[in-house]
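Summary of the model geometry
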Amino acid sequence: QRSQQLKHSAWLAPAPCRLNSGLPMNIGVLFVPQQEAWVVERMGKFHRILEPGLNFLIPLLDRIRYVQSLKEIVINVPEQSAVTLDNVTLQIDGVLYLRVMDPYKASYGVEDPEYAVTQLAQTTMRSELGKLSLDRVFRERESLNANIVDAINQASDCWGIRCLRYEIKDIHVPPRVKESMQMQVEAERRKRATVLESEGTRESAINVAEGQKQAQILASEAEKAEQINKAAGREANAMLVKARAKAEAIQLLAAALAQQHGSAAASLSVAEQYVSAFSKLAKDSNTLLLPANTGDVTNMVAQALGIYTALSKPQAVKAQDEMPPACEDPQPPATEVLKAEQAGSS
């Protein structure tokens, strides 16, 4: 209907012009403004496009047929309904930014370029929304805009118009869908809060366990270091002192035994220790294990002296080999030693 109206009113307004109230008249000398292109026809046929600045035309023969603006044009895309992939009806509108790249094609390629591009944007928007679900529509608005721009540029290339960008202004959803979306958002937030709280509890428990573990490790290491220091310090020194004292006692004992009548003194000491140990029997327990000849003190002392003599014999032989004969000291007979020990024990 719009094209028919334009055809019927062609004798009144033969040249449609955008952004201007009327076409300029040909007076021979014309000044074309910057960022505008004037399409000139000579005797009804396309002649040339006037460049910005000073131009000369022939009156009556040349006629300015179209005036095209080369600036970026903003067009509001009316609100329309579209159905998504999950059968949700949306009310969506947008803004279209385009520019005339070829004034000749924009003038003779299509009757109304802006109207054609607007209708193409609406149909492309409906087809692109039908490929996406409701959740993806809100997440992929940038990709949706880019797809609409590509589709418009493929179709408007023959019209001499290039779409620079397309932006979706508002997306209106039905009230029930909006309520369900709000409930979904609240549930998602509660879920995130619960997850964050559980993660915080877990991290707290892990930190407490790690702290206790580190405390136990440090305490054990401290105790170990203390025992090492104690063993290396006081106990080691005590052991060294005891060892030195024992070594000195052994040296003194060896020196005493090497002197005259040392064996008799050793026999007397053994007899005294035997009597002392025998006197302590049956004090701590009722069960005793005694040798068969317990009452024979002389025999026990003789056995002890025999053991001592067997152990000290190699050392005595070695000492006799090293000492000169004049230094030898005669040993008392064993019978005299036994008699002296029996007298002392009695």
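Residues numbered from 1 in each chain as written. Predicted model: local features only at pLDDT ≥ 70, side-chain atom pairs only at ≥ 80, totals over all residues. Heavy atoms only, no water.

1. Quick notes on helix H6 (residues 175-258)
For H6, with 84 residues, the first-to-last C-alpha span of 120 Å sits near the 124 Å given by 1.5 Å per residue. In the structure, H6 departs most strongly from a straight axis at Glu 235, where the bend amounts to approximately 35°. (Helix = DSSP H or I, 4+ residues; strand = E, 2+ residues; numbered from the N terminus. Expected span 1.5 Å × (residues − 1). Bend = angle between axes of the 7 residues up to and from the residue.)

2. Here we look at the pairing of strand E1 (residues 29-32)
For a regular strand, the rule is simple: side chains alternate between the two faces of the sheet. Only one face of E1 is covered, namely the face carrying Leu 30 and Val 32; the face carrying Val 29 and Phe 31 is uncovered. Strand direction decides the pairing type here: E1 and strand E4 (residues 53-56), joined by four bridges, are antiparallel. Bridge pairing in E4 places Val 29 opposite Phe 56. (Buried < 20%, exposed > 50% of the residue type's maximum accessible area, 1.4 Å probe, protein only. Pairing = 2+ DSSP bridges.)

3. Digging into a nonpolar patch on the surface
Residues Val 29, Phe 31, Leu 54 and Phe 56 make up a contiguous nonpolar surface patch of roughly 430 Å² in combined accessible area. For the nonpolar patch, the secondary structure elements donating two or more residues are E1 and E4. Structurally, Phe 56 can be placed in strand E4. On the basis of relative accessible area, Phe 56 is assigned to the exposed category, the value being 53%. (Patch = residues over 30% accessible without salt bridge, like charges linked within 9 Å, V, L, I, M, F, W, Y side chains within 5 Å. Areas by Shrake-Rupley, 256 points an atom, 1.4 Å probe, with all protein chains shown as cover. Salt bridge = Lys/Arg side-chain N within 4 Å of Asp/Glu carboxyl O.)

4. Description of the confidence of the model for the protein chain
Should pLDDT be low for a region, the predicted coordinates there are not to be read in detail. Looking at the protein chain as a whole, its pLDDT mean stands at 76, while 73% of the residues score no less than 70. Every residue in residues 1-21 is under pLDDT 50, and counting partners more than four places away or in other chains gives 18 contacts. Long-range and interchain partners of residues 337-342, a stretch whose pLDDT sits below 50, account for nine contacts in this model, where long-range means more than four residues apart. (pLDDT = per-residue confidence, 0-100. Contact = heavy atoms within 4.5 Å.)

5. Focus on the pattern of salt bridges
All told, the structure shown has eight salt bridges when counted by the stated rule. Where Arg 192 meets Glu 188, a salt bridge forms, and the shortest distance between an N and an O atom there is 3.8 Å. A residue pair is termed a helical-turn pair when its members lie 3 or 4 positions apart in one helix, as Arg 192 and Glu 188 do in helix H6 at four residues. By sharing partners, the salt bridges in this structure join Glu 72, Arg 99 and Arg 165 into a single network.

6. Some thoughts on the side chain of Asp 93
One can find Asp 93 in strand E7 (residues 89-100). Of the side chains with opposite charge, Lys 169 comes closest to the buried, unpaired Asp 93, at an N-O distance of 4.5 Å. Side-chain polar atoms of Asp 93 contact the backbone nitrogen of Asp 170, separated by 3.0 Å. Discounting residues that sit within four places of it in the chain, Asp 93 has contacts with Val 77, Pro 78, Glu 79, Tyr 166, Ile 168, Lys 169 and Asp 170. (Lys, Arg positive; Asp, Glu negative; His and termini not counted. Polar contact = N/O pair within 3.5 Å; in protein donor to acceptor, adjacent residues only side chain to side chain.)

7. What to know about the nonpolar core
For soluble globular proteins, nonpolar side chains are generally found buried alongside one another. Ranked by internal contacts, the top residues of the largest apolar core, which has 32 residues, are Leu 96, Ile 152 and Tyr 166. For this core, the secondary-structure elements that each account for two or more residues are strand E6 (72-83), E7, helix H3 (113-129), helix H4 (134-139), helix H5 (141-156) and strand E8 (161-172). Top element by residues in this core is H3. It accounts for six residues. In terms of nonpolar packing, the next biggest core, distinct from the first, is built from eight residues, Leu 30, Val 32, Trp 38 and Val 40 among them. (Core = buried A, V, L, I, M, F, W, Y, C linked by side-chain atoms within 4.5 Å.)

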